[in-house]
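# Coordinate analysis (summary)
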Amino acid sequence: MADELGQSPKNWTETQVSNWLRSIGVNEKYTKKLFEEEVDGEILLTLDEDFLKKKICMKLGPAHLIIKKRDELLNSQQKSQEKKKPDRANKTELEQKNGQKSVQRQVAGEAPSAQVHVGDLEERQTKEDCKPRPFDQEGVDYIYVKHRVLQPESGAFNLIHPCHEFKSLTVAVTLDNTRLRAKFAKEVLKFATGCMNIRSNGTIHFGVMDSREDTGYMHGEVIGIPVKDMDIYVDALDYIERSFSSDAEHVRQCVRPPRFVEVMDRESTEKMYVVEVDIVPSISIVKSKWYAVRLPNFNELANKVQFEKESILRRVGSKTEPVLDKDLSEFIQRVKDRDAQREEAERNQFHNAPLFSQDLGRKLTMLMTSGKKFIENDKWLIFVTNKFKPDDLCHIDWLLNMKLFCVFDFDPESKVSGLCNRYLQHHAANMHSLQSYRMSSDTSIKEFTSNLHLFEQTSWIFCNGRSDFKGNDTPCEEMTWIKTKITLLRESVSSICKHILPKGAFQVIFLLTSPVEKPLLHTFYEFFTDMEGHEDIICICESENNFLRWQSFAEGSCGTQTVNNFSVVGMKMSHVNATVQNVQPVKACTSKQLPVFVKGICLLETNKEEEMASLEILTVNHCDETTEHFISEEKANVEQQFFRGGRVTWLNFWLAEHKHVGEVIERDAYEDVSKLLKNAVKYNAEQTPVKSISIYHHPGSGGSTVARQVLWKNRKDLRCAVVKPSYSAAVVAQHAVDLREYEEKDPQRCLPVLLLIEDSDKEYLDDLRNQLEVAINSKQIQYGTLCFILLGCSRSYDPERRCKESPLQNVSVTHKLSAKEKRMFVGKRKVLEEQYEHQFILTFVLMSEEFTEDYVQQFVKHLLQDIDHQSAVTRLIHYVALLNSYVPNSFISQSHCEALLALKMSMERFHQYEFERQLSDQAKLVFFHLRDEKTYIKSIRIIHPLVAKEILQQLLGSQQTHSGLAMKLLCENVLFEHRFGKEEYLSFLRALLIRRSRISKGDKCDSFFSPLIEHVCKNEKPDKAIELLKEAFKRFHDDPFFAQQLARLHYKYEMFEEAEHWAETAARQLPNNSYILDTKGQVYKKWFQAKCKAIDNDSKPNTAKNTADAVKTALKAMQCFQDCERAATADTENINNSGYFAEAEVGCNLLKLIFSLQLFANGARGHGECLKYLCSDYIPEELKDDWEPFHDRLKKLYKTVEDALEWISGDLSYFQTDTGVDEDEIHLSPEGNINNPLKWLANISSEFGRYFSDASSAAFLQTGQSTATNLTPIQKRMVIYRLGGGNVTSILSKLREEKGAVDTLNKILSLYPSNPLKSKFDQRDIVNYTLASITLNCLSPMALKVPSLKVLQDLCRQFPTDKKKCLPSSLFLLTLLFWPEDKDTNLERENKYEVVQSAVQHMEKGYWTKMKDIPPRKRRLYTHFFLGSGNGLDKFIHKRKLKGLVKVTSLSEKRMQWFSGEVWKNPEIAKLLKRVSGWTDDGVVYLEGPEKQKFRIMPLHLPSLPHSNENITFYLGFTFRGPVAYNIVVNK
């Protein structure tokens, strides 16, 4: 495998690791898990069995296999490498024989020289070089990094540059102090004597490897030594006096004390040092002298330090050698020459060229602006800093004016007295520790950023604890930090650089304001590594000494020149402050203003604004902070961006308002919205606190521009804000309330808040309205006060229809221009064409042409004339056009685009792609560059959806297909596996293949599959759609929702075996997902229907044998739907009732098949025979064998279907059926929608009753006889079912029927005994009889069949005394029938209230079981009856009767009248209903009447509830939750 990949396992990607795991037979689920955990080759080498078992939850067997196979692979590679080594060894021997141990370069005879070992050349390329500590300088804070290599430098040219000698001292440091001192002294004095005698400066380094003595290391490699006691090394120089017989004082002056330079090791926490001694033989000390030394040496035999024979030493090349007797005379004679050279060198040292002053201001400006004229807001900033000086804190305005993503702060006091403290005075920030950035494997990037509130407010990361924090985050010293926190730092930086922000979307600024410590250096290394280079790193440091330590570390990573290029050193903070502010597009620390109720303004503090993170607040003086310089330079770009198709910005309006550019056209819709808004803000004592206005617009027609125009023009009179996407309604509501009350004295007297909500569904708007009303209610705002106006702006393919639905609330914006608009667009186009080239105003031109089909076709045809169909850029245009055509608001991140285009470009690791330069002319024209307002991540889309569709059409032509292109996109590995923006990209891919169209979401129609799949099925072949989904299933790691789509697609085209396979595949992975189980049931349901159709088409009579297969399939379907019901019941967050509907439907179809058997086809006799089979133990001989597996389940069929119908009826009784709640977009949608569930239930109940009622029952129905004495109880019950009296909902739906309902109800009641009190009814029969009586009375109060209220009350007393055993419908009837009447005595009234309150108590429990955790607004309680002013049964007024009195045409307006309470002003309704009395106590409504126990009544419309404790009256409604209060009015 490794050979195939052609590289070491260490360099494998996650995909290559996955391929290797598959090749050794590891289970796919473990392979998938390791891929998701981003295990690449380097991580693979570190895994152990314990990690695989605990973290990956792997079984022992596969864990052992992976480790064993990995080790085998590594061993085989090692052996193969060892086989190659002898060649290298032989070569080295040959070199040694030829005396080529090293290549030496000597200059000026005996002068010192550098030595470069030939064997080191290859290895040196893999290790980083570093510079030695600055020679003989005091107070220098320097650092070495382990394994970096010191380059030996020659001091031959001027004797001032020091020569170097390296000693590892690794053995000596393990010895005792005496031996160590002697060894150290010997090496120092030997080197010092050599340097002094040739008059050269020098440094001897201990802890640096010399390849001659230390095999396995490079020459000059920094390793470091442990220093337990520094005094040992300092005291070692006391040997000077004993080693030199004379001139010891001179030697003392030339030999500097030892310097201890710390060695930084990223892999270890042990403190190591390089010990260095500088030799400075100043001419004033050594002139005319030469030095002989007796070197100390520890004699092991004598066990003491002894001194060697005195010798004169000198440096020869890189060695220190004794002067031989034969050379002594010449050496002494040349002392004067050496003195002269030294004197000359020292003199020249002080006559260097004057210091050159860098233009630091320009350098800082260029680094901050990336060479542009201004700092653009297209990058997030990450600051890394340490302790700030108090003086510097006064000069941070530049920093306050920037968009900070996070700050890595190494100052534990920062929040108390440092930078954080100062920042919080102006901005909001979230305090985090490094631990906060630890991302668990099951957390998505979206969840992670949301949890930490990244992109909303600055994340302040305390990297070394926080002194004011009571939690467990204490500061620690360097080495403890490295032991405990370096891993957390690594994870934090990795999370940001590899998952959250793509390369190029952020800049890291190291602000070094105090001495640099190791943790800060580690931080640089982590950023440098994870950012793959230095391009977006800047270092700002005032102190050159502080910078030196930083520089010594950074140079090893990227070289001296590079470090100097990205560093600004020596600039005071006050100068930095002034310089950076000069290139910022807005003025620093400007004040923002909001309008107030008393017509003045107040200041909006930035930190308070940032706390309302879910709102983009539009201020009175918005954009006034823009600098004049920025306006003059950028106004043309801002205007072009808009007219080319970009979303309008506040700056567009501001520039137009201040006449810097031409006006933004006001479309007719702007005037329409303005009128609605004007009417909304007019005072009206009856108005609701939250009003809604909706703009529906064709995609790309300027709806968003109209909406923002409305906000801009009203910003001085209302408080205006745009709701940012991805925030919950609860959070937005809280922030909206905060904005409304900001700096206002009285919550009752505040300006309304105008909130713009873009591209959200009705459900979200309803939720937001609900949350705002709850908030207003809790604040006790007076009813009639307008608090919020919700301006919704949503795309729609039929805006005019939406407008007609509710003309007082909705406004439409289309591509079609009115005559007035055409004139404005033509005039504006002429002006723009004089100013700009055609390509810069493309979208405006298309808009002025109304996006007519011909114009768009010609435009695209002209555009694509000379396009290179084979280029990578054209491939990219294909992909973007495909996504934009089928997925609303889709895009591809620029990071993904660069990854794709990189296939055709250089793959250098640090190559910065100039993205736009790589695009073709066509791409430059059609691509619009977006920038996420939250993350600043750049992306691209086609300038308009209609243009995208036309490009796709023309580029593909007749030769290529949509499915082929989608397949290519799916298989484009570089896009699929690209890390940045991965979640978003994959969500668009999923939507392309799974997302179904919904009219409620603004789509053209409701579709059964995604529009792409529908297109492929219609215009290509279903097989192509199947191939596409199969590939997606594989690409998305066997995603069960793709398996679900495959099952649906297969059964649509009657490929049932394959459909069964895919449904089971999905259900195996998600066995408790009710929607997937529903799909599985649908497969069998459709299969059963197909089998029934085949049986019907066959001319043979139906027998048990030829129908057995169909019966088996039907029973399978019913079992699946029962599983679906169980899963739906257990799911507390979603509602899925489809299992019950489908089960009842399949049950009735199965009954139809059974009754069609030849055996049961013999008229009444056959029908009776079938009923006997289904309802008793009897089994006809003809069925015994062939249906043997089914008998038990078929005999339960009656009960099964009846229970399903009863459940549906019960559910429909609780909740409104006409609210049109939207389904989830992608996979949580039932297979088939029941458009009119009440009608469906009535029809299927009638059909069910027909099968179980026999011939005599049919005769009763046909003749219309009023008596049914000859029918058995079971037959009567079935006839009742057949007539629609079998369940609560079917009975109540009779009130909707215009014809025949009275006759039907009379028939139903005639089937019950004439004296029901003496009959033994079960609970269900009592409920049905009673409700049928009440319903008939509502339709025909004079009907003879209707029993009195007293009879029905007595009948309902037969309900179980234990209310837990009562059906919800039984409890409902108790609240209805036992509601006290005016004529009742006190005792009777109290007894009735007791019955009602006991029933309500149990109804509440049943209601919450039904509701689960679903918000009440999603399942609105349905009120069946109101308490009227009549007596007996006449006091029950059905809601239908009231609805008939509401004189409006459209459904939405009717709903609005009920919602706003307008209906109660209708005098006819007021005459019908009876007001009851009560009071409110702390927001709770109580009914006046009961004496034993207070009766709490739920108010259905919260805003009408008074906030103070008041006496009230209200209308009473009856629901399955209990009585509710409508139209609460305070008694005057």
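Residues numbered from 1 in each chain as written. Predicted model: local features only at pLDDT ≥ 70, side-chain atom pairs only at ≥ 80, totals over all residues. Heavy atoms only, no water.

Let us look at the overall build of the protein. On a plain count of helices and strands, the protein comes out with 66 helices and 39 strands. Considering only intrachain contacts with a sequence separation of at least 6, the fraction spanning at least 24 residues in the protein is 72%. When the accessible surface of the protein is totalled, it reaches about 69,500 Å², and 49% of it is carbon and sulfur. (Helix = DSSP H or I, 4+ residues; strand = E, 2+ residues; numbered from the N terminus. Contact = heavy atoms within 4.5 Å. Areas by Shrake-Rupley, 256 points an atom, 1.4 Å probe, with all protein chains shown as cover.)

Let's shift gears to the pairing of strand 27 (residues 753–758). Among the 6 residues in strand 27, 6 count as buried, and that is most of the element. One ladder, built from 6 bridges, connects strand 27 with strand 28 (residues 788–795); its direction is parallel. Considered in strand 28, the bridge of Leu-754 is made with Ile-789. Read from strand 27 through helix 31 (residues 762–778) to strand 28, the crossover connection turns out right-handed. (Buried < 20%, exposed > 50% of the residue type's maximum accessible area, 1.4 Å probe, protein only. Pairing = 2+ DSSP bridges. Right-handed = clockwise from strand over helix to strand, strands pointing away.)

We now examine the environment of Phe-653. With respect to the helices and strands, the residue Phe-653 is situated in helix 27 (residues 650–657). Residue classification places Phe-653 among the buried residues on the basis of a relative accessible area of 4%. Sequence separation between Phe-653 and Trp-712 is 59 residues, and the spatial gap between their C-alpha atoms is 7.4 Å. Residue contacts for Phe-653: discarding those within four places in its chain leaves Val-648, Val-664, Thr-705, Arg-708, Gln-709 and Trp-712.

The next subject is the sheet that holds strand 9 (residues 272–279). With mixed pairing, the 5 strands of this open sheet are ordered in space as 4-8-9-7-6. The sheet is open, and its two edges are formed by strand 4 (143–145) and strand 6 (163–167), each paired on a single side. Neighbour to neighbour, the strand axes of the sheet diverge by 30° on average, direction disregarded. Across 5 bridges, strand 7 (residues 202–206) lies against strand 9 in antiparallel orientation. Each residue of the ladder has a partner; that of Gly-202, found in strand 9, is Ile-279. Together, strand 6, strand 7 and strand 9 form the strand contacts of helix 8 (residues 177–198), whose direction differs from that of strand 7 by roughly 160°. (Axes fitted to C-alpha atoms, helices over the stretch in contact; angles between N-to-C directions.)

Spatial strand order, 17-18-16-15-19-20-21: 7 strands in an open sheet with parallel pairing. For this open sheet the edge positions go to strand 17 (429–433) and strand 21 (567–569), each flanked by a neighbour on one side alone. Across the sheet, the axes of successive neighbouring strands diverge by a mean angle of 15°, strand direction being ignored. Two elements, strand 16 (residues 404–409) and strand 18 (residues 458–462), share 4 bridges in a ladder whose sense is parallel. Bridged to Cys-406 within strand 18 is Ser-459. Running over the sheet, helix 21 (residues 518–530) touches strand 15 (380–385), strand 16, strand 19 (506–512) and strand 20 (537–541) and is turned about 165° from strand 19.

On to the pattern of salt bridges, then. Close approach of charged atoms allows side chains with opposite charge to pair. As enumerated under the stated definition, the model contains 64 salt bridges in all. Asp-327 serves as the salt-bridge partner of Arg-314, at 3.9 Å between the closest nitrogen and oxygen. Placement of Arg-314 in strand 13 (residues 311–316) and of Asp-327 in helix 13 (residues 325–333) is noted, with a sequence separation of 13 residues between them. Under the relative-accessibility criterion, Arg-314 is labelled buried at 16%. Each of Glu-165, Lys-167, Lys-183, Glu-187 and Arg-315 takes part in one network of salt bridges that share partners. (Salt bridge = Lys/Arg side-chain N within 4 Å of Asp/Glu carboxyl O.)

With that out of the way, let us pick up the packing of helix 61 (residues 1349–1356) against helix 62 (residues 1368–1377). Running from N to C, helix 61 and helix 62 cross one another at 140°; their axes reach a closest spacing of 10 Å. When the interaxial angle is binned, helix 61 and helix 62 end up oblique. The interaxial crossing formed by helix 61 with helix 62 has left-handed handedness. Side by side, helix 61 and helix 62 meet where Leu-1349, Leu-1352, Gln-1353 and Cys-1356 of the first sit next to Leu-1373, Leu-1374 and Leu-1377 of the second. For the contact of helix 61 with helix 62, the per-class residue count stands at 6 nonpolar, 1 polar and no charged. (Parallel < 35°, antiparallel > 145°, perpendicular 65-115°, else oblique. Left-handed = near helix turned anticlockwise from the far one by under 90°. Nonpolar A, V, L, I, M, F, W, Y, C, P; charged D, E, K, R; others polar.)

Neither face of strand 24 (residues 615–618) is left uncovered, since the one carrying Leu-615 and Ile-617 and the one carrying Glu-616 and Leu-618 both have all their residues buried. Examined bridge by bridge, strand 24 and strand 26 (residues 719–723) share 4 bridges and lie antiparallel to one another. Within strand 26, the residue paired with Leu-615 across the bridge is Val-723.

Next up on the list: helix 30 (residues 729–741). Taking 1.5 Å per residue, 13 residues should reach 18 Å; helix 30 reaches 18 Å between its end C-alpha atoms and fits that length. Directly beyond the C-terminal end of helix 30, a positive phi value near 60° is found at Glu-743. (Expected span 1.5 Å × (residues − 1).)

Turning our attention to the packing of aromatic side chains. Under the criterion given, the structure shown has 58 aromatic pairs. Following the ring pairs from residue to residue traces out a cluster consisting of Tyr-1214, Phe-1372, Trp-1379, Tyr-1393, Phe-1425, Phe-1436, Phe-1495, Phe-1518 and Phe-1520. For the cation-ring pair, Arg-708 lies above Trp-650, with the distance from its terminal atom to the ring centre recorded as 5.4 Å. The lysine or arginine in question, Lys-1091, covers the ring of Trp-1087, its NZ or CZ lying 4.6 Å from the ring centre. (Phe/Tyr/Trp six-rings, centres within 6.5 Å; stacked < 30°, edge-to-face > 60°. Lys NZ or Arg CZ within 6 Å of the ring centre and 35° of its normal.)

On average, the protein scores 83 in pLDDT, and the residues at 70 or more come to 89%. Within the model, the stretch residues 903–913 combines pLDDT values under 50 with 20 contacts to residues more than four positions away or in other chains. (pLDDT = per-residue confidence, 0-100.)

One finds Leu-1150 and Trp-1187 to be the most contacted residues of the largest nonpolar core, which totals 183 residues. Among the elements that make up this core, the one with the highest residue count is helix 49 (residues 1104–1130) (12 residues). Setting aside residues up to four positions removed in sequence, Trp-1187 forms contacts with Ala-1104, Thr-1107, Ala-1108, Val-1111, Ile-1154, Leu-1157, Tyr-1173 and Leu-1194. Counting 78 residues, the second largest nonpolar core, distinct from the first, contains Leu-1271, Leu-1283, Leu-1336 and Leu-1516. (Core = buried A, V, L, I, M, F, W, Y, C linked by side-chain atoms within 4.5 Å.)

A word on the side chain of Thr-385. Examined against the element boundaries, Thr-385 turns out to sit in strand 15. Reaching out from Thr-385, the side chain makes a polar contact with the backbone oxygen of Leu-511 at a distance of 3.0 Å. Apart from residues no more than four positions distant in its own chain, Thr-385 is found in contact with Val-407, Phe-408, Asp-409, Phe-410, Leu-419, Leu-511, Thr-513 and Leu-520. (Polar contact = N/O pair within 3.5 Å; in protein donor to acceptor, adjacent residues only side chain to side chain.)

Okay, unusual backbone geometry next. Only a minority of non-glycine residues have a phi that is not negative, and only a minority of peptide bonds are not trans. The phi torsion at Arg-199 lies on the positive side, around 65°, for a residue other than glycine. With respect to the helices and strands, Arg-199 occurs in the loop between helix 8 and strand 7. The residue His-1037 is not glycine, and still its phi comes out positive at about 55°. One can find His-1037 in the loop between helix 45 (1022–1035) and helix 46 (1040–1052).

One full turn of an α-helix is made of 3.6 residues, so residues set three or four places apart face in the same direction. Between its terminal C-alpha atoms helix 33 (residues 819–835) stretches 25 Å, which fits the 24 Å expected from 17 residues at 1.5 Å a residue. For helix 33, every residue scored as buried is listed here: Glu-821, Phe-825, Lys-828, Arg-829 and Leu-832. Angularly, the buried residues of helix 33 cover 115° about the axis, an arc narrow enough to put them on a single face. Relative to its buried face, helix 33 has exposed residues pointing more than 90 degrees away, namely Ala-819, Arg-823, Lys-830 and Glu-834. (Arc of directions from axis to C-beta.)

Take the packing of helix 15 (residues 360–369) against helix 24 (residues 573–581) next. Where helix 15 meets helix 24, the closest approach of the two axes is 10 Å, and the angle between their N-to-C directions is 55°. As summarised for this structure, helix 15 and helix 24 are arranged oblique, according to the angle between their axes. Handedness of the helix 15/helix 24 crossing: right-handed. Every residue of helix 24 that contacts helix 15 at Gly-361, Leu-364, Thr-365 and Met-368 is listed here: Val-576, Thr-579 and Val-580.

The topology assignment puts Leu-900 in helix 37 (residues 894–901). Taking the C-alpha atoms as reference, Leu-900 lies 7.8 Å from Leu-876; in sequence the two are 24 residues apart. Beyond its immediate sequence surroundings of up to four residues, Leu-900 is in contact with Ala-872, Arg-875, Leu-876, Tyr-879, Glu-972, Val-974 and Leu-975.

Take the state of the cysteines next. Evaluation of the coordinates by the stated rule reveals 0 disulfides. Of the cysteine sulfurs around Cys-787, a residue in no disulfide, the closest is that of Cys-750, at 7.9 Å. According to the relative accessible area criterion, Cys-787 is buried, its value standing at 0%. (Disulfide = S-S within 2.5 Å.)

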